[in-house]
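Structural description and commentary
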Amino acid sequence: MDRQNPARYTPAGPEAPGRPSMSAPINEMGIRIPQEITQHQDTSQKWKAASPINSTPACPIPPEARPHFNLPTRRSANKEPSTDEEGPSLSPDEFFPDLRDTRDSRRPKGPQVSGTGQVQHQHQHQHSSTSSDVTVTTVLPKTAKYPRSYGDSQLRLFKQSNSSHIKPQWVGWDKICLRIKGLPLTTTTYSLWSLFRRHGEIVSIELFENKHGERQGGGLIRFSPPPIKQFWTDIMEVTIQGRKVRIKLDLIPDRTNPVIRTSNGRSYPSSLRVAIEALQFGILAREDEMMSMRTIQNNKKGVFSLTADLRSKRLEVKFACSIRDPRREDPGIKRPLPIGEMEATLEYKMNILFTHLKKIIFVDVDENTWALLIPLPSPPVFYQKRDQSGTHSDIKNTWNEREAWKRTVDITYDSSWLKDDPVSLPRSNQFIDIGRWTTYRLIFGKSTLAVWDVMKGALQDFNIKVDYTTSSQFRTIPAQASKLWDMLDPQQLSATTSNANFALLADTESIHLPYDVRYQLEVCISQGFLNEVNITAEFLRKLADLSKDRTRRRDRAKDLLTYISQPRIGGRPEDREKLDEKRIYDPMSLFEDKKAMSHYPEISIPEHCQWVRKVVVTPTTIYLSNPSPEPSNRVLRQYSNYEDRFLRVQFTDELIKGRIFPAPDTEQDNALFNRVHRTLHNGIRIGGRHFQYLATGNSQFRENGAYFFCPSDFLTCDNIRDWMGDVNHIRVVAKYAARLGQCFSTTKVPKYSPIGQTIVQVQDIEHNGWCFTDGVGKIAPNRARFLVQNLHTTKSIKAIPSVFQFRLGGSKGILVQWPEVPFNEVHLRPSQNKFAAVSKGLEIIKTSRFSVATLNRQTITILSCLGVPDEVFEVKLKKQVADYERAMEEPRAAMQLLSKYIDQNGITTTMAQMIADGFMDTEEPFFMAILQVWRAWSMRLLREKARIVVEQGAFVFGCVDETRTLRGHSEATEPDSKDPNTLPQIFLQVPKVGSKPGELSGYTVITGICMLGRNPSLHPGDIRVVEAVDVPELRHLRDVVVFPAVGDRDIPSMCSGGDLDGDDYFVIWDPQLIPTEWNYPPMMHDTVKPMELKRDVRVSDLISFFVRYMKNDALSTIAHAHLAMCDALPDGPKDPQCIELAGLHSNAVDYPKTGREAYLKPSLRPKRYPHFMEKAPSKTYRSTKILGLLYDSVTKIDFAPKFDSSFDQRILRRYEISDETLKTVRMIKRQHDKAMRQIMNQQDIATEFEVWSTFVLSKPRVGSEYKRQENMEPVITNHKERFREACIKVGGSRDPSRLYPIIGATYRVTWEEVQLAQSSRPGKKWNTAEMPLTSFPWIFDQELGRIATSKDEYELEELPKPTMALFDDDSSNDDDEFERLVGAGVIEGREEVTTSNGDSFTEQMVPSISARQSTEASKSESSPTHEEEIVELEEDEESGMDALARLDN
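Rules of the game
- Residues numbered from 1 in each chain as written.
- Predicted model: local features only at pLDDT ≥ 70, side-chain atom pairs only at ≥ 80, totals over all residues.
- Heavy atoms only, no water.
- Helix = DSSP H or I, 4+ residues; strand = E, 2+ residues; numbered from the N terminus.
- Buried < 20%, exposed > 50% of the residue type's maximum accessible area, 1.4 Å probe, protein only.
- Contact = heavy atoms within 4.5 Å.
- Areas by Shrake-Rupley, 256 points an atom, 1.4 Å probe, with all protein chains shown as cover.
- Salt bridge = Lys/Arg side-chain N within 4 Å of Asp/Glu carboxyl O.
- Pairing = 2+ DSSP bridges.
- Axes fitted to C-alpha atoms, helices over the stretch in contact; angles between N-to-C directions.
- Core = buried A, V, L, I, M, F, W, Y, C linked by side-chain atoms within 4.5 Å.
- Parallel < 35°, antiparallel > 145°, perpendicular 65-115°, else oblique.
- Left-handed = near helix turned anticlockwise from the far one by under 90°.
- Nonpolar A, V, L, I, M, F, W, Y, C, P; charged D, E, K, R; others polar.
- Patch = residues over 30% accessible without salt bridge, like charges linked within 9 Å, V, L, I, M, F, W, Y side chains within 5 Å.
- Lys, Arg positive; Asp, Glu negative; His and termini not counted.
- Charge placed at Lys NZ, Arg CZ, Asp CG, Glu CD.
- Polar contact = N/O pair within 3.5 Å; in protein donor to acceptor, adjacent residues only side chain to side chain.
- Phe/Tyr/Trp six-rings, centres within 6.5 Å; stacked < 30°, edge-to-face > 60°.
- Lys NZ or Arg CZ within 6 Å of the ring centre and 35° of its normal.
- Disulfide = S-S within 2.5 Å.
- pLDDT = per-residue confidence, 0-100.

Helices and strands together make up the secondary structure of the protein chain, namely 35 helices and 52 strands. Taken over 1449 residues, the protein chain has a buried fraction of 59%. Taking contacts inside the protein chain between residues at least 6 apart in sequence as the whole, the part at least 24 apart equals 77%. When the accessible surface of the protein chain is summed, it comes to about 59300 Å², and 49% of that surface belongs to carbon and sulfur atoms.

On to the pattern of salt bridges, then. Inspection of the entire model under this criterion finds 61 salt bridges. The partner of E289 in a salt bridge is R475, with the nearest N and O atoms 2.0 Å apart. Here the residue E289 occupies a position in strand 13 (residues 289–297), and R475 occupies one in strand 25 (residues 475–478), the gap between them amounting to 186 residues. Each of K879, D883, R886, K900 and E951 takes part in salt bridges that share partners, so that together they form one network.

Reading across from one edge, 33-39-36-38-37-40 is the order of the six strands in this open sheet, with mixed pairing throughout. Of all the strands in the sheet, just strand 33 (758–761) and strand 40 (842–847) have a single pairing partner and so form its edges. Strand-to-strand twist across the sheet, computed as the mean angle between neighbouring axes with direction ignored, equals 30°.

Moving on to the pairing of strand 42 (residues 949–960). In terms of burial, strand 42 is a largely internal element, 10 of the 12 residues being buried. One ladder, built from three bridges, connects strand 41 (residues 851–854) with strand 42; its direction is antiparallel. When the sheet's bridge partners are listed, T854 is paired in strand 42 with V949. The pairing of strand 42 with strand 47 (residues 1040–1043) spans four bridges and is parallel. Residue pairing in the sheet places F957 in a bridge with V1040 of strand 47.

Turning next to the nonpolar core. If you look at the biggest cluster of nonpolar residues, it comprises 108 residues, and the most contacted ones within it are F873 and W934. No other element matches the 13 residues that helix 21 (residues 925–945) contributes to this core. Of all hydrophobic cores here, the second largest spans 92 residues; its members include V423, F651, V727 and V732.

Here we take up the sheet that holds strand 25. Ordered by their spatial adjacency, seven strands build an open sheet running 24-17-18-23-12-13-25, and the pairing between neighbours is mixed. Each edge of the open sheet carries a strand with a single partner, namely strand 24 (465–470) and strand 25. Across the sheet, the mean angle from the axis of one strand to that of its neighbour is 35°, orientation sign disregarded. Taken together, the six bridges between strand 17 (residues 359–364) and strand 24 define a ladder with parallel strand orientation. Along strand 24, the bridge assignment pairs V363 with T469.

Let us look at the packing of helix 19 (residues 891–900) against helix 20 (residues 907–916). Packed helices, taken two at a time, are described by the angle between their axes plus the distance between the axes. Their axes nearest at 8 Å, the elements helix 19 and helix 20 cross at an angle of 155°. Put simply, helix 19 runs roughly antiparallel to helix 20. In the packing of helix 19 onto helix 20, the handedness of the crossing is left-handed. Only T908, T909, M911, A912, I915 and A916 of helix 20 make contact with helix 19, whose side of the interface consists of P891, A894, M895, L898 and S899. Classifying every residue of the contact of helix 19 with helix 20 by side-chain character gives eight nonpolar, three polar and no charged.

One can describe the packing of helix 8 (residues 537–548) onto helix 9 (residues 556–565) by two numbers: an axis separation of 7 Å at closest approach and a directional angle of 125°. Overall, the two elements helix 8 and helix 9 adopt an arrangement that is oblique. Residue-level inspection shows F539, L543, L546 and S547 of helix 8 in contact with helix 9, the latter providing R556, A557, L560 and L561.

Attention now moves to a negative patch on the surface. On the surface, E1216, D1352, E1353 and E1355 cluster together into a negatively charged patch. Within the secondary structure layout, D1352 lies in the loop between helix 32 (1341–1348) and helix 33 (1374–1383). Residue classification places D1352 among the exposed positions, given a relative accessible area of 56%.

Locating N1079 in the fold gives a position in the loop between strand 48 (1064–1068) and helix 23 (1099–1112). Engagement of the side chain of N1079 in a polar contact is seen with the backbone nitrogen of V1025, the distance being 2.8 Å.

Before going further, it helps to examine the packing of aromatic side chains. Per the counting criterion, the structure on display carries 41 aromatic pairs. Ring geometry for W370 versus F444: centroids 4.2 Å apart, planes at 20°, classification stacked. Pair noted here: W370 is in strand 18 (residues 369–375) and F444 is in strand 23 (residues 439–445), with a separation of 74 residues, a long-range link. Pair check on accessibility: W370 and F444 agree, each one buried. Each member of the aromatic cluster is reached from another via a ring pair, and the members are F919, F926, F1199, F1207, F1249, W1252, Y1307 and W1338. Positioned above the aromatic ring of F591, the side-chain terminus of K542 is 5.1 Å from the ring centre.

So, about the state of the cysteines. By definition, a disulfide links two cysteine residues through a covalent bond between their sulfur atoms. With the rule as written, the count across this model stands at zero disulfides. Cysteine C710 remains unbridged, with the sulfur of C717 as its closest cysteine sulfur at 8.5 Å. The exposure class of C710 is buried, given its relative accessible area of 5%.

Before going further, it helps to examine the confidence of the model for the protein chain. Averaged over every residue, the pLDDT of the protein chain is 81; residues scoring 70 or more account for 79%. Here residues 97–164 is modelled with pLDDT under 50, and outside its nearest four sequence neighbours on either side it reaches 175 contacts, counting other chains as well. Across residues 1390–1449, where pLDDT falls below 50, the model places 114 contacts with residues more than four positions away in sequence or in other chains.

With that settled, consider the environment of H1279. Take H1279: it is sitting in helix 30 (residues 1268–1291). When the C-alpha positions of H1279 and A1235 are compared, they lie 7.9 Å apart, and in sequence the two are 44 residues distant. Setting aside its immediate chain neighbours within four residues, H1279 contacts H1232, A1235, M1236 and I1239.

This next bit is on the pairing of strand 6 (residues 215–223). For strand 6, the buried fraction is high: seven of the nine residues fall into the buried class. Taken together, the six bridges between strand 4 (residues 176–181) and strand 6 define a ladder with antiparallel strand orientation. Considered in strand 6, the bridge of K181 is made with G218. As paired strands, strand 5 (residues 202–209) and strand 6 are joined by six bridges and run antiparallel to one another. From the neighbouring strand, I202 faces strand 6, where its bridge partner is F223.

All right, on to the side chain of T773 then. Within the fold, T773 resides in the loop between strand 35 (770–771) and strand 36 (776–779). By relative accessible area, which is 0% here, T773 ends up buried. In terms of polar contacts, T773 uses its side chain to reach the backbone amide nitrogen of I765, at 3.0 Å. Discounting chain neighbours no more than four positions away, the residues touching T773 are D764, I765, R829, S831 and V960.

This is how it looks when you write it as structure tokens:
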């Protein structure tokens, strides 16, 4: 459908279902009702009374015609919402109101009062299930025609099927498919469904369309199981949409194989089904005991079955339940609707992926019944069945019966009772708590054992373990109500609290736990370490007593709970066979556990980091994480004394599924988005505190995250937002949110300037409406040097970066060093100033650095269509693969490759230095693992993303030529001109291959013809051909591409709509990759007018936009469609459809700024995908174009680190280390390993080697992997800095004579742990999860190299003997060692501060970050001018680049 032109919604004609005629009746909203609806209304009520569900289907009115606030899908691009009024206020569960609980259709019609007290009307229509306009007449032709593919025997069966008792062959098929011809072009899937549904179970319908999305008058309809008898003939006369038509039906032979063959050669039916007699939901009360919280009996009113879907590799449990109104048992519950009005029998199903199953327990109950016990670590996905007639769309050409199942987030009597409740771990009014009751007991009759035997064999062949037990060995006990939450929050009473519970609460003991202890308790419960049914009042009292003895630095109650929830290696072998190996069934035993009771707090974190609490909100529950150190931002620094009142919240699907995917064209997942809206609107309740939505950081936005804050007596969310900046003048909700998001950018604040800072405003350079300096400011070279020296970083920066990406108040962009700028001035342009802010300090996000350029699938596709031969890409790929193979064997080859293939975090440069230090020659185990993970990472990206490294290329920041020397773009230049004198010019200075990093003599200026662009590039005009020239006045700029400031249009805007506020550009001067077609006309971006209100933006607007973005964001869908279309269409990216997709992609990129979603119409959606995109096999074809060839040329490499190589003796023998030092360092290692595992858990990373190197092999469970390596850099940098500082404090000095023995001790204790682990299981292979972590000493990678290559004599004549002092199982001296670490300053003290209302927060005994920064800011503004202090940068010893240079000589 053309959203810009509603007239193209359906073909013209009065009968078109999507276009009501002018004579059609008008409803209360002023919307004309299509004729198809009015014709069905008289019969729909009869059907509704007979329906077992009686749900109100989705309205078939086109989305453009629906009111703005009531849209489940897309909104018309040419229909403006009302901007002078806020519109009807929606309660949280009504964000997508036409997709509320299906029982809502039984509410009284007419005016209804919403949760806000406003009167709302329901205007919903439904298709009739007995369509009055569908008539079927059989036409018997003189000569019957049959499918040509049938043989003679089949033809006889076909002819006899209506005239004899011989069953046709298709009766035994799994499903049948009928091809239909002669349909009217206005036919919808609903038309066919209503026409044929009485003949059997329709599972899918498809209407044929051409590549332009135009209907072809044919289609397919599938039945499963097949109909009982043949109802079709060759020609049938039917009435569709009031028109009599003759259609032709052909039976398509069954081409599918319903048999699944497993790896061991056995075959099974693709689907195995067993009828269930009863279904129990519950929890594990003990290892051999299930507490049944709810039992659902098979009342024969719906499907009750267990299905093993071997094709989809999942179990499907279907059940029906009738939910009684709770007020029948307790009239004390007050609700407005009459008692019993919402009672009904509803059908549900849960899908359990095979990968979600650890084991299944067969329980022999008695002589008549048996049961299956299925314990899950997290909730599966639940669906609720809805009326199929409401699942059709007039604009979609396909329909599947799966669309009748919509996601559900709770099973409750009336979901509207929950609309005002904050999200919390305990959930009220749940008939079945599907988020917490994750142990299931399915009860069967003995007559089904034969089917089970087959199913069991199939499951075992899919590596699912099936154990056997009896009802006497595994008990089922009745539900017992937990008093935990009543004891912790006895005052929590509501209108739904029953009279019995009032009495119970009156007798319940009240136990107070401090917030940080309470938070850790909820961490343990949410992650499944503890469960409410096992937690007693005695346990809570013990925690409270422990917490009363808290000191400045320790709270043993919090430390004990932190110990429970910390990640561990593998787990004990005896625990691995348990149903839940991490569960603690007897919490009181923890007080007898010495390791738990002696656990001590985390060591100090860098001052630019802060402890952040993170909460993951899923559709059915929430998960709390231990506080973790994260790089800070402006808001967290300003309010550091309130750090425990901030939450970083992320919204995801169930853990087994990952992120919540956008669903712009379907209503199936609307319950998920309503859950998000309800959370943002009502807040989150944790530890007795109510957290409210604050704002969203720009990087969080695309990952569905936000910050929440719990207001205090003195600080509210509004106070914080007011402090962040004055954005009230912004009326575009998306832009308003983006401006607030600037304040949450991860930044570092340099130490205060010795003289005051002055902001100087300079003009932007503009021409023809184009801004050439968008985002570019200036700074003095000496100030740049000062910033580098005063940024807290572990990396020794040997050269001053030319560019700094920054935040300063409400300004953003980059600062480029220019000689004429005075030291104390910062030059900013209007394009950088976004809003006024209280904060005036300069904050640095990142600095310019060089990394090698790489190609990707989009770039290769465009270069191929612009004339670069495919052989060029194939040759480069093969060479790169061969280089990786050689690098694994030859140190020299590895050093050369690592020195050329410099990644954006500079890890390959570090690895080259490690080779120069001899760690590859000694086969040091940690280095060899890093080398292997680098190769596996590179090969994976090469295969999946076609990431070909271009040695003659750079990936750098962009800035502008302030001298206006470079020649700009001219519109007068002919598109096919090959005259270099007409090309725009750039300046680029990059390091020479093999040069020492930071040496000025090690840089070279690139000259000649270059190709440049920006990721992602989808339009042929996004790749620009330019001329690189040498300009002496620009030679102070390194690792940055300088664009001209003159011309008819700026170059960055031609490159995928880029600018200069921190965008990276790739520049390639490899002659083989310069396209033969120069400078294809750039895409002219159609400016999408932002949605602007006529009033101030409110918090409710921010919340609504957040959820609508989650639902409607189509960026990745459009990108995938573009990639597939480019491969399928002959002209590739130049095809008009691909050009249109490129424009849509640009609009989707701007969606967070404009608030306008990009609509991907059905005609632009690929029907099939090339095999390199790794989609479902049924939708895949084998591509013969360049990307398919490249994909097939690369073999997937699995990363499997080896643990049998020896540690480096050069370090082990270097120092003689005392046992006391080893004990202290070992304690720091324990803390290091715990922090490393926490990073691995939170980032979904399998090994420490991936974390350390930032070469992450796994795809993130949530978010994009596009910038994963870049995002991991600050995480591992801060981790290293944190534990470097701890070791330096233990050594007492940074002097090598005192520090290097401590570094030697870090290597020694790591070696000893590995020795102990290997000796405990001699001769057995280890996996990564079982081995001790070995990355601890490599926080000092440069220093370890110096120790290893030192010319000093060894202090030990032979390898030391492991002391094994103070390993994890030795906690007797932990208290003494804790005090020693405190004395060394490794663990900072914290003091509790109590406010006037009895609340408490923690305050550091060291000056807080905000206090330090306010002091620095005041000094910056008031300090008198004095001469700059020149600090010489430290020169390192010989680097790997020097060694490489020697090798080349």
